[in-house]
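Understanding the architecture of this molecule
Each chain, letter by letter, is given below.
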Amino acid sequence: MFSLPWLELSRFKRHTITRLAMIVIIVIPSIYGGLYLASNWNPTEHLDKLQAAIVNEDTGAEKPDSDGEKLNAGQELVDEITPKGEGGFDWQETSQEEADEGLAEGKYFAVLEIPSDFSEMLVSTGGDDPEQAGLKLRTDDAHNFIVGQVAGTILSEIKGGLSETTTAEYVNQVYLGFNDIHSETEKAANGASDLHDGAGQLHDGTGELVDGATKLDKGIGTLHSGLIDLDEGAGELKKGSGDLADGASELKKGTTEAKNGSKKLADGAGQVADGTSELRDTADEATKKAEDVKRKADDVVDGARPKLERAEGDFDDARTTVRGDMDERIKQLQEDYPDDPNVQKLAEDADGLGEDLDSAHKRASDATDEAKSLEDKLTDAVDGVMDKIRTADKKIGQLDDGAQKVATGADDLHSGLIKLDAGAGRLAKGAGDLHDGAVQLKDGTAKAEDGAADLKDGSEQLVDGATELDKGAGKLDDGSGELADGLQKGLEQIPTYDKNDRENRSDVVAVPVDADKVKDNAVDAYGEGLSAFFVSLALWIGGMITYMVLNAIPYRALFSSAPSSRIAWAGYVPGLLFGIAQVAVLYAILTFALDFSAGAWVWTLLFSMLVAACFHSVHQLCVAALGGVGRLVALVLLMLQIASAGGTYPVETAPKIFQVISPFLPMTHAVSGLRTLVAGGDMFIAAQAAVVLLLMTALCLVATIVVCSRKRMVTLTQLHPSLSL
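Now for a look at the structure at hand. (Residues numbered from 1 in each chain as written. Predicted model: local features only at pLDDT ≥ 70, side-chain atom pairs only at ≥ 80, totals over all residues. Heavy atoms only, no water.)

What follows covers the packing of aromatic side chains. All told, the structure shown has seven aromatic pairs when counted by the stated rule. Note on Phe89 and Trp91: the rings are 5.6 Å apart at their centroids and 70° apart in plane angle, and the pair reads as edge-to-face. Per residue, the accessibility class of Phe89 equals that of Trp91, and both read buried. Among the aromatic residues, those joined into a ring-pair cluster are Tyr587, Phe596 and Trp601. (Phe/Tyr/Trp six-rings, centres within 6.5 Å; stacked < 30°, edge-to-face > 60°. Buried < 20%, exposed > 50% of the residue type's maximum accessible area, 1.4 Å probe, protein only.)

In this structure, Trp540, Leu590, Phe607 and Met667 are the most contacted members of the largest nonpolar core, which totals 67 residues. Listed by contribution, the elements that provide at least two residues to this core are helix H2 (16-39), helix H9 (526-549), helix H10 (555-558), helix H11 (564-594), helix H12 (601-626), helix H13 (628-644), helix H15 (666-679) and helix H16 (683-711). With 13 residues, H9 is the single largest residue contributor to this core. The contact partners of Leu590, leaving out residues within four places of it in the chain, are Gly34, Leu37, Val535, Asp595 and Phe596. Counting 25 residues, the second-largest nonpolar core is a separate cluster that includes Ala73, Ile81, Val123 and Val150. (Core = buried A, V, L, I, M, F, W, Y, C linked by side-chain atoms within 4.5 Å. Helix = DSSP H or I, 4+ residues; strand = E, 2+ residues; numbered from the N terminus. Contact = heavy atoms within 4.5 Å.)

A separate point is H2. Along its 24 residues, H2 runs 33 Å from first to last C-alpha, staying within 8% of the 34 Å computed at 1.5 Å per residue. The largest bend in H2 comes to about 35°, at Val27, with the proline Pro29 one to four residues further on. Buried within H2 are the following residues: Thr18, Ala21, Ile25, Pro29, Ser30, Gly33, Gly34 and Leu37. (Expected span 1.5 Å × (residues − 1). Bend = angle between axes of the 7 residues up to and from the residue.)

Read from one edge of the open sheet, four strands run E4-E1-E5-E6, paired in mixed fashion. Two strands in the sheet have a free side with no partner beyond their single neighbour: strand E4 (90-93) and strand E6 (136-139). Within this sheet the neighbouring strands show an average axis-to-axis angle of 25°, counted without direction. Here four bridges tie strand E1 (residues 51-56) to strand E5 (residues 110-114), and the two strands are oriented parallel to one another. From the neighbouring strand, Ile54 faces E5, where its bridge partner is Leu112. (Pairing = 2+ DSSP bridges. Axes fitted to C-alpha atoms, helices over the stretch in contact; angles between N-to-C directions.)

Moving on to the packing of H9 against H11. Taken N-terminus to C-terminus, the directions of H9 and H11 make an angle of 140°; their axes are 10 Å apart at the nearest point. With respect to H11, the axis of H9 lies oblique. Judged by the sense of rotation from one axis to the other, the crossing of H9 with H11 is right-handed. Judged by residue contacts, Val535, Ala538, Leu539, Gly542, Gly543, Thr546 and Tyr547 of H9 engage Gly571, Tyr572, Gly575, Phe578, Gln582, Val583, Leu586, Tyr587 and Leu590 from H11. Considered class by class, the residues forming the contact of H9 with H11 number ten nonpolar, six polar and no charged. (Parallel < 35°, antiparallel > 145°, perpendicular 65-115°, else oblique. Left-handed = near helix turned anticlockwise from the far one by under 90°. Nonpolar A, V, L, I, M, F, W, Y, C, P; charged D, E, K, R; others polar.)

Located in the positive-phi region is Asp595, a residue other than glycine, with phi close to 60°. If you trace the backbone, Asp595 turns up in the loop between H11 and H12. On the accessibility criterion, Asp595 (62% relative accessible area) is exposed.

Scanning the entire structure with this criterion turns up twelve salt bridges. We note a salt bridge from Lys187 to Glu184, for which the minimum N-O separation is 3.7 Å. Of the two residues, Lys187 and Glu184 both sit in helix H6 (residues 145-336), three residues apart, roughly one turn of that helix. Since its relative accessible area comes to 46%, Glu184 is described here as partly exposed. The salt bridge involving Lys456 is made with Glu460; its shortest N-O contact spans 2.9 Å. On the criterion of helical spacing, the pair formed by Lys456 and Glu460 is a turn pair, its members being four residues apart in helix H7 (residues 341-493). (Salt bridge = Lys/Arg side-chain N within 4 Å of Asp/Glu carboxyl O.)

Next up, the structure:
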């Protein structure tokens, strides 16, 4: 059974190059799979070796409902991710220009731009117009596409962290708002209670308003009737005031004339008063003179009487003297000088003188008597005259006083008439104004009557409105009571939160679902997860290399009597042995070089050998059936399997054609089985894959046997192949 395969293998012992070829066959899959997995073993753990720029242009913003507290979210983000290993990449804060140049030159694999309004947008979540804060991450696919995808994941984590912080802060404000709502609702409940009390008072007031409006309506009806009477009275007043205005005009004319006449009267009275005054002065002067005359007369009388008495006495003394001594002396002289003429003459003269003295004495005596008589008469006359003078003077004084009073009265009369005239003028004007006012009053009363009629209509409407208002106030009373009760109930349902409770609830609401990512059958590294695909790929390439060096079937045996199954077996066993060796070397390298581990080591190795057996059977069939073209077919199959095996992404994400061909290709089942065995999943999947691989292997071996049978017949195509590789 193994003699023919051994014979096939033994030909590789003849030369050193063939021995080296055997080593190459065994090592090539390890080189391919090992190097590829080594380069992609755990790239995400080394992202901190990649430099990325962060450009912070945030200017900060004042937090709402704070005492000037400022949020610098951009700087906080920079401080959070720039420490080594904290933000995925090796973030470095740079200017925009440096970041642009670095990204273009490939120095930076990503540029995170924080806009100037970043903090302002974050704090807007607690305001009336919330807006999303934007971050901009720039990558350059010209340098590395995968890094761009990873950067997107990092940006998502940054956004998630910011969202959690912002949401927590916003929810904190919301819970704080609950406290405010509770406080404000409590005020509203108290206000509603006050409103209910006020509504009750309003209802009482509207009831009184209805009564008052009804009384007002009645009063306005009375007013309307009164205004009708008033309008009639205003008409009469209008007529009377017209008459009064005419009379006042006439009175004005009369008072003007009286004023003018009183002026003349005052002037004449003044003149009379002046005259009586002068007369009084004259009378007083005359009285004084009369008094003087009287005194002089009295003096004359008083002076004349003694004089007359003395003259009488003197005349009596002289007559006595003359009649006595003189007569005796003359008689003596006569007797002495009887003939003397002079004595005679003197006697005659003395006698004549005696007679004269007698006569004079007599006259003096008569005069004295007459003087006494005249004195009484004169005194009586003078006293009578003086009485008359005094009486006249008194009357003149009384006349003067009367004239003065008349003049004063005339002046007062004139002044009064002036005032009366002015008053008459004002009266005339007032009467005119009164008439005009009466006319306006008449118009006004007419309008008032109309207005009262409208007011009456309005008062009726007021009564109706007050009635409706009273009904509405009743409803308001009931509704405000319900509102107060509802607000009180709502107040009891509005929670309040203290600081610790708010912070705890904010954290919970910010992350309401704590989504822990649990991986069943988790692998230790990215490369370990891809190992199923790359091991399968390496074993496929190993199969291709194997049958590039080995013959798919021992062609010399075709011309022997050996059965075709033995010939096919003889070509398959060496390839299988190389495949097993490839598996062993490959896993040895993965284990010791990359710290590869498998969930089920034994089954992984056995399954990998089955994969190698299957792949080698496919390659043997292709090469045996088609020769060099079969290697091209194997290469095409490799391309199809890479696309449809679901090694990196699930085949469901691939186009439909790949999903259709995927179950018919061995690498699909190889990847599926190895992935389960390496990660430690459901062993049924691996068993199912193993069964499929066994069937495919068997089918390929059967087909190879058929090919061997056909190869024993030489055809023109074999003799003259159209293409030889």
